[in-house]
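Okay, here's what each chain looks like letter by letter:
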Amino acid sequence: MPDAVLASPAAMSLRRARSTRFARSRLLAMVAMYAVLTVMACIILVPLLATVLGGFKTIGDLRVNPVGLPSTWRWDNYLDILGSARYWGMLGNSMLIAGLTAALTLTAGSMAAFTFAHVRFFGRELLLNYFLLGLMFPAATAVLPLFIQIRDFGLLDTYWGVILPESAFGLAMSILLFRDFFRAVPHDLFEAAFIDGCGYIRFFFFMTLPLSRPILATVGIFSFVRSWNNYLLPLIMLDTEAKYPWPLGIMVYQGEYTTEWQLVLAFVTLTILPAVLVFFAAQRYIISGLTAGAIKG
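Bear in mind that the values here come from a model prediction, so they are computed numbers and not experimental data.

With that settled, consider the overall build of the protein. Scanning the protein for helices and strands turns up 16 helices and zero strands. Within the protein, the proportion of its 297 residues that are buried is 34%. Carbon and sulfur atoms provide 71% of the accessible area of the protein, an area that totals close to 17600 Å².

Right, here's the structure in full:
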């Protein structure tokens, strides 16, 4: 009898109607999602595209047509910057500062997170919460005491005066991401390694790190890009123009070419390009690293 009811024309019609309503609602949800994503992509990409195209224009063309294609493509705007020693010097400074900041953040953050994830000791949670308090305070709130401390260490107007604070400010987020990932490593693997005589240090270097390439890439890229775009700390700590990274270089370049905005836009495009390329090259590692510890924490 129940099979006859389920097979009746009325029941089949009801199921088809429900299926049609579900398909329509799913289609509307997808259309709405893609519409929102398209709007967000335009908000992000249009200013970037306008910056890139503005570097190919003359100042007159830029004032008349700030967003559209150039009437005449001025490749010399980019070529002149690429041929200048100042650009490569500032790019090298940014690479050095951002690279060492990412390396220090990865080293200190991964070691601390491994300790918090696997080593039990008195006050572990209290110390972890102390580190994570760094997520609540922006770097601007610590500018004055940080400047005094760096001055007392004799690191003013040095690369290390920028690298060490940037690494410290990135430590809280790196510990949080690393700890969740390390806790997701199978506990059976940890126990088997210890039975075979593998201590904490060997397990960290030879077992944990090889399995942690996604989160290493995630934290490394975030640290690199954050340091690459940092303006406040280099402004406070550096006095010599030869040591300026690219955010300060734009300030100097804009001061010299105040009315020639097409050159400033070309300079901005060439300086943000390395960070964008690095980010897109490691995008899949970033996504897998952020989602790896989501299930098992």
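Right, let's get into the layout of surface pockets. Put simply, the largest pocket is a space of about 420 Å³. Forming the boundary of the largest pocket are 17 residues, of which Gly134, Leu146, Pro165, Ala168 and Phe169 lie nearest the centre. Of all the secondary structure elements, the ones that give two or more residues to the lining of the largest pocket are helix H6 (124–132), helix H7 (143–152), helix H8 (160–169) and helix H9 (171–183). In terms of residue class, the lining of the largest pocket is made up of 15 nonpolar, two polar and no charged.

With respect to the helices, strands and loops of the structure, Thr240 is situated in the loop between helix H13 (232–237) and helix H14 (246–256). The partly exposed category is assigned to Thr240, whose relative accessible area is 31%. Residues Thr240 and Asp157 lie 83 residues apart in sequence; the distance between their C-alpha atoms is 6.7 Å.

The final tally for this structure, using the stated rule, is one cavity of 30 Å³ or more. By volume, the largest cavity is sized at about 30 Å³. Taken together, Ser94, Ile97, Ser227, Trp228 and Pro245 make up the full set of residues lining the largest cavity. Elements supplying a minimum of two residues to the lining of the largest cavity: helix H5 (85–118) and helix H12 (213–228). Its residues assigned to classes, the lining of the largest cavity shows three nonpolar, two polar and no charged.

Let us now look at the pattern of salt bridges. Tallied over the entire structure, the rule returns five salt bridges. In this structure, Arg124 and Glu125 form a salt bridge, with 3.7 Å as the shortest nitrogen-oxygen distance. On the accessibility criterion, Glu125 (38% relative accessible area) is partly exposed. Here Arg179 and Glu125 are joined by a salt bridge, their closest N and O atoms 3.9 Å apart.

Once that is clear, we can look at the packing of aromatic side chains. Taken as a whole and assessed by the stated rule, the structure comprises 17 aromatic pairs. Plain terms: the ring middles of Phe114 and Phe203 are 6.2 Å apart, the flat faces sit at 35° to each other, and that makes the pair tilted. You can see Phe114 sitting in helix H5 and its partner Phe203 sitting in helix H11 (residues 200–211), a full 89 residues away along the chain. Look at Phe114 and you get buried, because its relative accessible area is 5%. On the numbers, 4.5 Å between centres and 15° between planes, the contact of Tyr253 with Phe267 is stacked.

What follows deals with the confidence of the model for the protein. In the predicted model, the protein carries a mean pLDDT of 82, and the fraction of residues at 70 or more is 90%. Averaged over each element, pLDDT in the protein is lowest for helix H1 (residues 2–6) (48) and highest for H8 (92).

Its location among the elements puts Ser223 in helix H12. The exposure class of Ser223 is buried, given its relative accessible area of 3%. Leaving out residues up to four positions away in the same chain, Ser223 has contacts with Ala102 and Thr105.

Our focus in this paragraph is the packing of H5 against H12. In contact at an axis separation of 8 Å, H5 and H12 are set at 140° when each is read in the N-to-C sense. By the angle class used here, H5 and H12 are oblique. As H5 packs across H12, the resulting crossing turns out to be right-handed. Residues Leu91, Ser94, Met95, Ile97, Ala98, Gly99, Thr101, Ala102, Thr105 and Leu106 of H5 form the contact with H12, whose participating residues are Leu216, Val219, Gly220, Ser223, Phe224, Ser227 and Trp228. When its residues are assigned to classes, the contact of H5 with H12 shows ten nonpolar, seven polar and no charged.

Turning to unusual backbone geometry, a few remarks are in order. The phi angle at Asp157 is positive, at roughly 60°, despite the residue not being glycine. Here Asp157 lies in the loop between H7 and H8.

Rules of the game
- Residues numbered from 1 in each chain as written.
- Predicted model: local features only at pLDDT ≥ 70, side-chain atom pairs only at ≥ 80, totals over all residues.
- Heavy atoms only, no water.
- Helix = DSSP H or I, 4+ residues; strand = E, 2+ residues; numbered from the N terminus.
- Buried < 20%, exposed > 50% of the residue type's maximum accessible area, 1.4 Å probe, protein only.
- Areas by Shrake-Rupley, 256 points an atom, 1.4 Å probe, with all protein chains shown as cover.
- 1 Å grid on protein atoms, 1.4 Å probe; cavity = no way out; pocket = protein on both sides within 12 Å on 5 of 7 lines; lining within 4 Å.
- Points joined across faces, edges and corners; volume = space filled by probe spheres on them.
- Nonpolar A, V, L, I, M, F, W, Y, C, P; charged D, E, K, R; others polar.
- Salt bridge = Lys/Arg side-chain N within 4 Å of Asp/Glu carboxyl O.
- Phe/Tyr/Trp six-rings, centres within 6.5 Å; stacked < 30°, edge-to-face > 60°.
- pLDDT = per-residue confidence, 0-100.
- Contact = heavy atoms within 4.5 Å.
- Axes fitted to C-alpha atoms, helices over the stretch in contact; angles between N-to-C directions.
- Parallel < 35°, antiparallel > 145°, perpendicular 65-115°, else oblique.
- Left-handed = near helix turned anticlockwise from the far one by under 90°.

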